[in-house]
Amino acid sequence: RSSTMGCLASKDASTEQSGGDGSAGGYSWDTRKEVDVKDFTVKGLQGGSVAKAPGKLDGQIFVVADCHNTDIYVFDHTASVTIDDCVDCTIFLGPIKGSLFIRDCKNCRVIVSCQQFRSRECYNCEVMLHVGTVPIIESSKDITFGCFRGAYFQLAKQFKSAHLSPYVNYWHQIHDFTKNSDGLNYTLTGETPSWVAEFIARKPDDVAHVQVDLDPVGATVPLTAGPTASVDGSGAATLAVAFSQKHARALLQAVLESVSDDTTLVSTNEVKLGDTEVDKLFATSETAEFKKLAIESDSAIGLVFCGASSGPAVVKSAAGLGDGAVYVSANSASGGKAVEIWGSIAATRTD
């Protein structure tokens, strides 16, 4: 037995050293592309701009440090990102598979999608955020949070590479480790700040081919209002549940293109429903077909709308997708109950 294993080991080693075809090619790991740390670091810049086009970082770690009055554009996915000791910088970061750490920064503006968001000792900063878990701030003050803005051709593919869902977004559920008894250390906004379009418009020539769209209708990440949504006196709320991202995108696009200003997308989430959750959400005989679909599907995508006309508008848009594609809580009574149930389900997925 030992002799056989020794022969096999010798053959494998020989194959590796010969490049697999008998030629002198060395070990396979000798042919891996060398990584230059400088390509993944932006440090000590005073003014100007830096851009990374799609494919330039390709899932690597990225570091920004000691920059002042600098524009930084990262139109690619990364493993994790740290931003340290920056002042008056504006930064766009494509999907981050892991964490974004922002530390000791002042007067900075950031557009970012990440799995985890952490900030410490930051002041007077604005963050347009997509995040897969509850964002955390510590020893920070005057931080403004809003929903992620911006879409470009490769972004949806980069979300998949980073294992992020565009529909799982807790941008407004801030956890502050150092709460201030005099008031919150952060504010939430449902508006698009003017600096977003100005920043995108001045991107450098080496990423001029990356066409960034700020229109919510074509957004990869749905533009949600969170608690900034202005709910009218009716308190009307509507839940729509799709069982594929394709149907969720189609529904949202139809709603955004057809409804009046009193219908607002409040929140989205994507979860795998458990049997008990399915029973609670689809408890009536009228929802039996959706109950079966929910059990069989890999995930369910919930979209919560508010506004007096949200129910009819969402029902009409869902009907255009065909029977059984999307569940909609059709009236104000069932809508409120369904939204409440969905909210309790989503609350268990924030860790």
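Calculation criteria
Residues numbered from 1 in each chain as written. Predicted model: local features only at pLDDT ≥ 70, side-chain atom pairs only at ≥ 80, totals over all residues. Heavy atoms only, no water. Helix = DSSP H or I, 4+ residues; strand = E, 2+ residues; numbered from the N terminus. Buried < 20%, exposed > 50% of the residue type's maximum accessible area, 1.4 Å probe, protein only. Areas by Shrake-Rupley, 256 points an atom, 1.4 Å probe, with all protein chains shown as cover. pLDDT = per-residue confidence, 0-100. Contact = heavy atoms within 4.5 Å. Salt bridge = Lys/Arg side-chain N within 4 Å of Asp/Glu carboxyl O. Pairing = 2+ DSSP bridges. Axes fitted to C-alpha atoms, helices over the stretch in contact; angles between N-to-C directions. Core = buried A, V, L, I, M, F, W, Y, C linked by side-chain atoms within 4.5 Å. Phe/Tyr/Trp six-rings, centres within 6.5 Å; stacked < 30°, edge-to-face > 60°.

Novice: Just to check I follow, could you spell out the overall build of the protein for this structure?
Specialist: Of regular secondary structure, the protein possesses eight helices and 16 strands. For the protein, the residues scored as buried account for 46% of the 351 residues in total. Looking at the protein as shown, the accessible area adds up to about 17,300 Å², and 50% of this sits on carbon and sulfur atoms.

Novice: I would appreciate a short explanation of the confidence of the model for the protein in the present structure.
Specialist: Residues shown with low pLDDT carry predicted positions that ought not to be read at fine detail. When pLDDT is averaged across the protein, the result is 87; 86% of the residues are at 70 or more. Residue range residues 1-23 is modelled with pLDDT below 50. Its contacts to residues more than four positions away, or to other chains, number 15 contacts.

Novice: Explanation requested: the pattern of salt bridges in the structure shown.
Specialist: A side chain with one charge can pair with a side chain of the opposite charge if their charged atoms come near. For the coordinates displayed, the defined rule picks out four salt bridges. A salt bridge links Arg103 to Asp84; its shortest N-O distance comes to 2.7 Å. Within this pair, whereas Arg103 is found in strand E6 (residues 90-103), its partner Asp84 is found in strand E5 (residues 81-84), the two being separated by 19 residues in sequence. By relative accessible area, which is 18% here, Asp84 ends up buried. Among the salt bridges present, the one from Glu296 reaches Lys292, with a minimum N-O distance of 2.6 Å. Placement of the pair is Glu296 and Lys292 together in helix H6 (residues 288-296), with a separation of four residues, close to one helical turn.

Novice: Can you walk me through the sheet that holds strand E14 (residues 264-271) in this structure?
Specialist: The pairing of strands in a sheet comes from backbone hydrogen bonds and takes either a parallel or an antiparallel form. Strand order in this open sheet of four strands is E14-E15-E13-E16, and the pairing throughout is antiparallel. Single-partner strands in this sheet number two, and they are E14 and strand E16 (326-328). For this sheet, the mean inter-axis angle between neighbouring strands, taken without regard to orientation, is 20°. Of the strands in this sheet, strand E13 (237-242), strand E15 (300-306) and E16 are in contact with helix H7 (residues 310-319), which crosses E13 at around 20°.

Novice: Before we go on, may I ask you to explain the nonpolar core in this structure?
Specialist: The nonpolar side chains of a soluble globular protein tend to be buried with one another. Formed by 59 residues in total, the largest nonpolar core has its most connected members in Ile83, Leu93, Leu100, Phe117 and Phe145. The element best represented in this core is E6, accounting for six residues. Apart from the residues within four sequence positions on either side, Leu100 is in contact with Val81, Ile83, Leu93, Val112, Cys114, Gln116, Phe117 and Arg118. Grouped together as the second largest cluster of nonpolar side chains are 24 residues, Ala229, Ala237, Ala294 and Val304 included.

Novice: When you look at the side chain of Thr263 in this model, what are you seeing that I'm missing?
Specialist: On the secondary structure map, Thr263 appears in the loop between helix H4 (245-258) and E14. Sequence-distant contacts of Thr263, defined by excluding residues within four places in its chain, comprise Val255, Phe305, Cys306, Ser309 and Ser310.

Novice: Honestly, the packing of aromatic side chains in this entry has me stumped. Any pointers?
Specialist: Two aromatic rings are characterised by how far apart their centres lie and by the angle between their planes. Tallied over the entire structure, the rule returns twelve aromatic pairs. Measuring from centroid to centroid gives 5.2 Å for Phe75 and Phe92, while their planes differ by 45°, and the two rings are tilted. Taken together, the residues Phe75 in the loop between strand E4 (71-74) and E5 and Phe92 in strand E6 connect sequence positions 17 residues apart. Overall, Phe75 belongs to the buried group, its relative accessible area being 0%. Members of the aromatic cluster, each reached through a chain of ring pairs, are Tyr73, Phe75, Phe92, Phe148, Tyr152 and Phe199.

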